[in-house]
Amino acid sequence: MMQFWITLTFAWLLVAIGVSSAATTTVAAPSAAGVVQKFRVTPHDMQILEGTDTLLRCEVTALAGRVQWVKDGFALGFLAVIPGFPRYSALVDEPNGVYNLQIRNASLEDDAEYQCQVGPAPGNPAIRANAKLSIVAAPSSIYIDGYSRNAKVEVVEQQNLTLTCITENANPAAEIVWFQGDTPLNIVPTVVVNQTALKRYRTTSTLQLQPRADDDYKEFSCEARHKALPPDVPMRAQLQLSVLYPPGPPFFEGYSQGESLRRGQQLQIACRSRGGNPPAQLVWYRNGVAINSPQRTAGRLSENVYKFTANESDNGAHLACEAKNLLSEKPLRAELNLTVLYAPKDVYLSGASQAKVGDTVELSCVTAASNPPARISWSMNGRPLNNSSYKTRSSTAGGWVSSSNITLTIDAQSRTFIAVCHALNTELSQNVVGSHTVNVLYAPSAPLLTGYNNGDILISGSILKLQCSSAGGNPPPALHWYKNDKRLNAATKLTDSKISSELSLLLNASDNNAIYKCEVQNAAIEIPLFATKTLGVHFPPETVKISVLPKNLVPGIRAKLICDSSSSNPPAKISWWKDGIPVEGLNLANRPGLWGGSVSTLEMHVNITQDLDGSIYTCQSHNEVLQRSVHETISLDILFAPKFDAAQQTSFVGVEGAPLQLELHASGNPMSISYTWTKDGLPISSNALSGQRLISDGPRLNISRLSRNDAGIYVCEALNTQGTAMLEVQVLVEYAPVIAAVTEGQSFVSGEQAVLACQIQARPLEAAHVSWSRPGYDFATRTSVSFENNTALLHIDNVQRGDIGNFTCSVDNQRGAPVSRNVLLVVQTSPEIDHTPGYTRFAARLGVRSQLVCRVLASPQPSFIWRRHGKDLKRRNKYSTAERQVDGLYFESALLIESTAAEDYGQYECVVRNSLGQASTTLEFSKPTRPDTPLQLRVGNVSDSSVELMWTPGFDGGMQAYYRLRVKQQGEDKYKTVEVKLGALNATLEQLKPGGNYYFSVMAFNEAGNSKYLPDIKLTLSKGSQPHSAEYTEKDELPNVMIIGITSAAMVLLVLNAALVAWFVIRRQNKSQGETEPSNDDAYSKDDNQSVYKLPITALQADVQKKAAASTYLVENVDIIQSTAYPPKYQESSMCTPHYQHSMCNPDFTRTLPNPKRHSQRNSATGLIEGMPMRAKDDHMLISNGLYIPSPSPASSLVIKGSYISSPSPAPPADGSYFNMSDKYMSYPPVTY
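Residues numbered from 1 in each chain as written. Predicted model: local features only at pLDDT ≥ 70, side-chain atom pairs only at ≥ 80, totals over all residues. Heavy atoms only, no water.

- For the protein chain, the name recorded in an unreviewed UniProt entry is Hbs, with Drosophila busckii as its organism.
- Per its UniProt entry, the protein chain bears the Subcellular location (unreviewed entry) comment "Membrane". (UniProt positions renumbered as here; feature names shortened; annotations may be inferred.)

## With respect to the overall build of the protein chain
Here's step 1: When you go through the protein chain residue by residue, the secondary structure sums to 7 helices and 97 strands.
Here's step 2: By residue count, 43% of the 1233 residues in the protein chain fall in the buried class.
Here's step 3: Contacts in the protein chain between residues at least 24 apart in sequence constitute 66% of all its contacts with a sequence separation of at least 6.
Here's step 4: A total of about 63,800 Å² of accessible surface is found on the protein chain, and carbon and sulfur atoms cover 52% of it. (Helix = DSSP H or I, 4+ residues; strand = E, 2+ residues; numbered from the N terminus. Buried < 20%, exposed > 50% of the residue type's maximum accessible area, 1.4 Å probe, protein only. Contact = heavy atoms within 4.5 Å. Areas by Shrake-Rupley, 256 points an atom, 1.4 Å probe, with all protein chains shown as cover.)

## Details of the packing of aromatic side chains
How two aromatic rings sit relative to each other is set out by the distance from centre to centre and by the angle between their planes.
Here's step 1: In total, this model carries 13 aromatic pairs according to the counting rule given.
Here's step 2: Among the aromatic residues, those joined into a cluster by ring pairs are Phe252, Trp284, Tyr306 and Phe308.
Here's step 3: One cation-aromatic arrangement involves Arg708 over Tyr735; the distance from NZ or CZ to the ring centre is 3.8 Å. (Phe/Tyr/Trp six-rings, centres within 6.5 Å; stacked < 30°, edge-to-face > 60°. Lys NZ or Arg CZ within 6 Å of the ring centre and 35° of its normal.)

## Focus: the sheet that holds strand E20 (residues 251-253)
Here's step 1: The 4 strands are arranged E20-E22-E26-E25 in an open sheet whose pairing can be described as antiparallel. Each end of this open sheet is capped by a strand with a single partner; those strands are E20 and strand E25 (295-298). Sheet twist, expressed as the average angle between the axes of neighbouring strands with direction ignored, equals 30 degrees.
Here's step 2: Pairing of E25 with strand E26 (residues 301-309), which is carried by 4 bridges, proceeds in the antiparallel orientation. Bridge pairing in E26 links Arg296 to Glu303. (Pairing = 2+ DSSP bridges. Axes fitted to C-alpha atoms, helices over the stretch in contact; angles between N-to-C directions.)

## Considerations on the nonpolar core
Here's step 1: Of all hydrophobic cores here, the largest spans 30 residues; its most connected members are Leu756, Trp772, Ile796, Phe807 and Leu825.
Here's step 2: Taken together, the elements giving at least two residues each to this core come down to strand E66 (723-742), strand E68 (754-763), strand E69 (770-773), strand E71 (791-796), strand E72 (805-811) and strand E73 (819-827).
Here's step 3: Non-local contacts of Phe807, meaning those with residues more than four positions away in its chain, are made with Leu756, Trp772, Ser773, Arg774, Tyr777, Phe779, Leu794, Ile796, Arg821, Asn822, Val823 and Leu825.
Here's step 4: Within the second largest apolar cluster, 25 residues are counted, among which are Cys58, Ile103, Tyr114 and Ile127. (Core = buried A, V, L, I, M, F, W, Y, C linked by side-chain atoms within 4.5 Å.)

## Remarks on the state of the cysteines
Here's step 1: Evaluation of the coordinates by the stated rule reveals 8 disulfides.
Here's step 2: Between the sulfur of Cys365 and that of Cys421 lies a disulfide, 1.8 Å long from S to S. In this structure the cystine formed by Cys365 and Cys421 twists about its S-S bond by roughly -80 degrees; its chirality is therefore left-handed. Within this pair, whereas Cys365 is found in strand E32 (residues 360-367), its partner Cys421 is found in strand E37 (residues 416-425), the two being separated by 56 residues in sequence.
Here's step 3: The exposure class assigned to Cys365 is buried, which follows from its relative accessible area of 0%.
Here's step 4: Cys421 gets classed as buried once you look at its relative accessible area, which sits at 0%. (Disulfide = S-S within 2.5 Å.)

## Quick notes on the sheet that holds strand E53 (residues 586-592)
Strands belonging to one sheet form pairs held by backbone hydrogen bonds; the direction of such a pair is parallel or antiparallel.
Here's step 1: Strand order in the open sheet formed by 4 strands is E49-E50-E54-E53, with antiparallel pairing between adjacent strands. With one partner strand each, in any of the chains shown, strand E49 (544-549) and E53 form the two edges of the open sheet. Across the sheet, the axes of successive neighbouring strands diverge by a mean angle of 20 degrees, strand direction being ignored.
Here's step 2: Relative to strand E54 (residues 598-607), E53 runs antiparallel, the two sharing 5 bridges. Looking at the pairing, Pro592 lines up with Ser598 of E54.

## As for the pattern of salt bridges
Here's step 1: Considering all chains together, one arrives at 40 salt bridges under this definition.
Here's step 2: The closest approach of N and O atoms between Lys71 and Asp110, which form a salt bridge, is 4.0 Å. Of this pair, Lys71 sits in strand E5 (residues 67-71) while Asp110 sits in the loop between strand E8 (98-103) and strand E9 (112-118), and the two are 39 residues apart along the sequence. The pair Lys71 / Asp110 is uniform in exposure class, with both members buried.
Here's step 3: Here Glu253 and Arg272 are joined by a salt bridge, their closest N and O atoms 2.5 Å apart. Here the residue Glu253 occupies a position in strand E20, and Arg272 occupies one in strand E22 (residues 266-274), the gap between them amounting to 19 residues.
Here's step 4: Given the relative accessible area of 33%, Glu253 is considered partly exposed.
Here's step 5: Among the charged side chains, a network of salt bridges with common partners joins Glu253, Arg272, Arg296 and Glu303. (Salt bridge = Lys/Arg side-chain N within 4 Å of Asp/Glu carboxyl O.)

## With respect to the pairing of strand E61 (residues 674-679)
Here's step 1: The two faces of E61 differ: Tyr675, Trp677 and Lys679 on one face are buried, but Ser674, Thr676 and Thr678 on the other face are not.
Here's step 2: Pairing between E61 and strand E62 (residues 682-683): 2 bridges, direction antiparallel. Paired with Thr678 across the bridge in E62 is Pro683.
Here's step 3: Hairpin connection of E61 to E62: 2 residues between the antiparallel strands, including Asp680 at a positive phi of 55 degrees.

## Focus on a nonpolar patch on the surface
Here's step 1: A cluster of nonpolar side chains, contributed by Val1052, Leu1053 and Leu1056, occupies part of the molecular surface with about 290 Å² of accessible area.
Here's step 2: Mapped onto the elements, Val1052 comes out in helix H3 (residues 1040-1069). (Patch = residues over 30% accessible without salt bridge, like charges linked within 9 Å, V, L, I, M, F, W, Y side chains within 5 Å.)

## What to know about the environment of Ala741
Here's step 1: Note that Ala741 resides in strand E66.
Here's step 2: Setting aside residues no more than four positions away along its own chain, Ala741 makes contact with Ala757, Cys758, Gln759 and Arg821.

## With respect to the environment of Ala90
Here's step 1: If you trace the backbone, Ala90 turns up in strand E7 (residues 88-93).
Here's step 2: Separated by 11 residues in sequence, Ala90 and Leu101 place their C-alpha atoms 4.7 Å apart.
Here's step 3: Each residue touching Ala90, except ones within four places of it in the same chain, is listed here: Leu79, Ala80 and Asn100.

## Some words on the confidence of the model for the protein chain
Here's step 1: Residue-level pLDDT values for the protein chain average 81, and 82% of them are 70 or greater.
Here's step 2: Every residue in residues 1-33 scores below 50 in pLDDT, and together they form 19 contacts with partners more than four places removed in sequence or on other chains.
Here's step 3: Every residue in residues 1072-1233 is under pLDDT 50, and counting partners more than four places away or in other chains gives 368 contacts. (pLDDT = per-residue confidence, 0-100.)

## Looking at unusual backbone geometry
Here's step 1: The omega torsion across Asn371 and Pro372 is 0 degrees, close enough to zero to call that bond cis.
Here's step 2: For the bond running from Asn669 to Pro670, omega is 15 degrees, close enough to zero to count as cis.
Here's step 3: Inspection of the secondary structure puts Pro670 in the loop between strand E60 (666-669) and E61.
Here's step 4: Its identity as a non-glycine residue notwithstanding, Ala62 has a phi of 55 degrees, on the positive side.
Here's step 5: On the basis of relative accessible area, Ala62 is assigned to the partly exposed category, the value being 34%.
Here's step 6: Positive phi is not limited to glycine here, since Tyr217 has a value of about 75 degrees.

## Concerning the environment of Gln210
Here's step 1: Mapped onto the secondary structure, Gln210 falls in the loop between strand E17 (200-209) and strand E18 (219-225).
Here's step 2: Note: C-alpha distance between Gln210 and Thr162 (48 residues apart in sequence) is 8.9 Å.
Here's step 3: In this view, Gln210 contacts Gln158, Gln159, Asn160 and Asp215; residues no more than four positions away in its chain are not counted.
Here's step 4: Within the structure, the side chain of Gln210 is placed 2.7 Å from the side chain of Asn160, a separation counted as a polar contact. (Polar contact = N/O pair within 3.5 Å; in protein donor to acceptor, adjacent residues only side chain to side chain.)

## Some words on the side chain of Thr367
Here's step 1: Summarising the element assignment, Thr367 is placed in strand E32.
Here's step 2: Given the relative accessible area of 2%, Thr367 is considered buried.
Here's step 3: With near-sequence residues (within four places) excluded, Thr367 lies in contact with Pro344, Asp346, Val347, Ile376, Val401, Ser402 and Ala423.

Structural data, given as structure tokens:
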């Protein structure tokens, strides 16, 4: 397929060239001389190596036609670059008629018949010249089939071996020559040539061998012969034969059969074997037992050398060496016998070693083994003896043993006789000598004992030296000391023929009447010779023993104390002592004791009482002769029941919360006393791991953390084997004060004395620990105090309306943190209604259940009347009311409006009466609107880079209100805004510049729209030690011209506003009942110099969940579109609150001023404030501390006569009680401010 496309491409090129030539070339005409085109140089046959470059030459004289090359009949074209043949190129020199064909990196594909063709031209026939190009390819590889290069081939001797050598990819086929080493083999192999690919040939040469032992280690190789291979770099494959054949017979070197060896001679006998593959394994045997000996191999020579030192056991030993390998049918063997000459190592003499004069003694001499046998001769005291006998016998261990006997008669010429035995090996001329000594026995003289005279009296503790000596005797006698037949160790001294010894004694009681004996003896006598001395020693008693009867002493019995003195010579005198004072004893007695002394005994009787416990009694034994004494003491151990110390502390005081340890001490015998603690009859645990606060630990009671309940009487019981004892102790707990109760629910008539009570729990508690306070109140002239029954009383004379308020009762007894509590003084007064925005303006959507709350300060309890259009509202399906008492001063009445309709909007009147008067107010109820501007902006904590801002909210428009702060540093053009976290009425701005001047303001917004910003607060932050300063300002100062212009415009707007108000009132009267809620179509608002652009309300609602929990942050660029988190539309709820009976459930809420504390109590599932049925989404808010500036509205102008400063409101009762119109309690949840 590839050739087809090449041909097609080439044909297209030919056509193109032909057309071009026809249009542009003028055919050369034959010269005037009539010369026609012919070859000047023609290509010739060539052989080249594969991978080399070649050039086929073609040169034409008088060229007229066109020239091209043809390969095996395929035209290569007229171009210099030949398409489809990237390695081919035509080297053309047209003016000279040169058209050479160059082939680079020749391969077998280029092996072909080439033709240089010159096309015809007018007057010039076509001419052609052929040349054969042969590509010679060397073999790519040579190998011996089945074997790796330089392999080692194992073959058994005379076994057929076939070697096949193969060369691959040669052109022409390669020749293979076989070699043994470097010598060509004269064996003719079988050769086969196969063509494996186009112009690729494989040559196979097979060689048949029968290796011999001489071929072992020989190398066989095959070499490829080819014209493409350089002769100096042959291509070979080779291997090495390993011919397996048995070894040659073993032979010895280093010892010949019959050769004589001497004992101790070092010898090495080598066993060798030549030939063998694998090498022969050589094993030595000695007397049939294999010998472990290392073997070594060098080439085909194996050697095992047996090294040993000749001794008598090697005489006649049979040695054998065996050689074998894997091809041996049986081991080859060589044998020899050893001959070893040796003299006897020793001679052994036996016979009597001592004798008396006249005795006959027989001596014997026996040699050790010898080869040849040794000859024996005797001598005594240097003189040879001839009366000996001699005989020889073979030894079981090899060699010969010689023996000889001789008889001697002992005379008195010498004290010692020495007999010598000589054993001579004549072959080796070695003589071995042994000797034997015979001693002549003589008896020693009788021993002489000195150093003590019988009858002398010695004192115990003194030193006595006894000497004993004896002369003569052979052998020298042995001298021994004995005490009462018990042998003693003492050193002896031998001088010439005299032996002596000295015995040093430290006398004690055991030496009295002791017999000391000196004894001498040697072999010449059978009965020892001895001398004795009997000692007399005075000694004192060594010990005194006191025994008590009976063993267990208890009060009320009569005990006997017995003193026994150990043996004494002469008898000892015994006496009794009590606490260092001598007392008289009874029944003194003496009886025989040890070592010839006397034992003395003295008794004493004691009447036992508890007071005698621990009393010391001493018994003394005294030897009057020696003036030495010994004594023993005893402490009376009297058993008695436990008894607590009389001075024991029985009252303990601790502080509540601190640890306390009670520790008692009881004495008793035995001292092993167990303790049990109880309180109110209940035992206290002793397990420290129980985790309890009270743990008993023997005589100690540990209270880890005192509680006031731990106060009381504790009983500790001590128990031992003799009885029990009990002790009561009192624990007093001091604790920090707690105000248990104060005066509540009580009102006082104006002009009378009021008494406020503060009941306290504390220890200690005194009148000095209690104080009353109220800022700015005249306690000195108006009040007096008293204290009784842990209750502090504050007496206030002539109470008036101005005295209403909280008095603080404070207690500090220095046992903990001081405590205080407000006590509300209620003075009966006529009703005073709360006119704050939270209780004068209300808003709700159409169709929802709404509520209006009227709050009043009054005492006694007032009654409420709701009116509209001058008429009392009756309780029916549309309206219902509920009352509750907020605290001792404040009362509330809630007007509930079911299913709010358009006609329900407007003004309502709340009338409040009690026995002292009445008051009324008007409350405005409208649809939800945008919120009012916050009432006041205040500065809280300020640092050099942060400021805390707080504000008082205005009317929220009946919906959830949100707040936005703005901040600008003096000199900046635009404000930065901060979105405040939902429900927060304060925020902290950080990362401000120290020492900078900043302007701050706040505004409110809800779903209906935005309020205006409050006037800016200007604040200069501190820097270093410089304090900050703040001032309130509307804006930066404006020029007077601008002020006049703005004032004129305001006057015009005021007139227009009056006209619009009149038009609005008329239009409102004509408004239909089905009026819809006001639209929220404000897309943006502009205040002062700031432009803050906002999304429409519908778009803002989608961002509620993202912004609801967001923390306060700064917006760096006010030009971006702000996203304000409005809450979602309220969804209807199916939940009804059961607290209002006969009321209908309505899912929406009345909206009033926000109360942050209320917001945290909202039920997330229903939207209702927990425990507050039908309450507004945002509960009322009482502005406790601040100035309320009401928004201008018709309703507020009717009821607000001036600024209202609210009174502080105490916390509501926990039960949330309300009064209804029937003076019965009905549940209505409390409002928390």
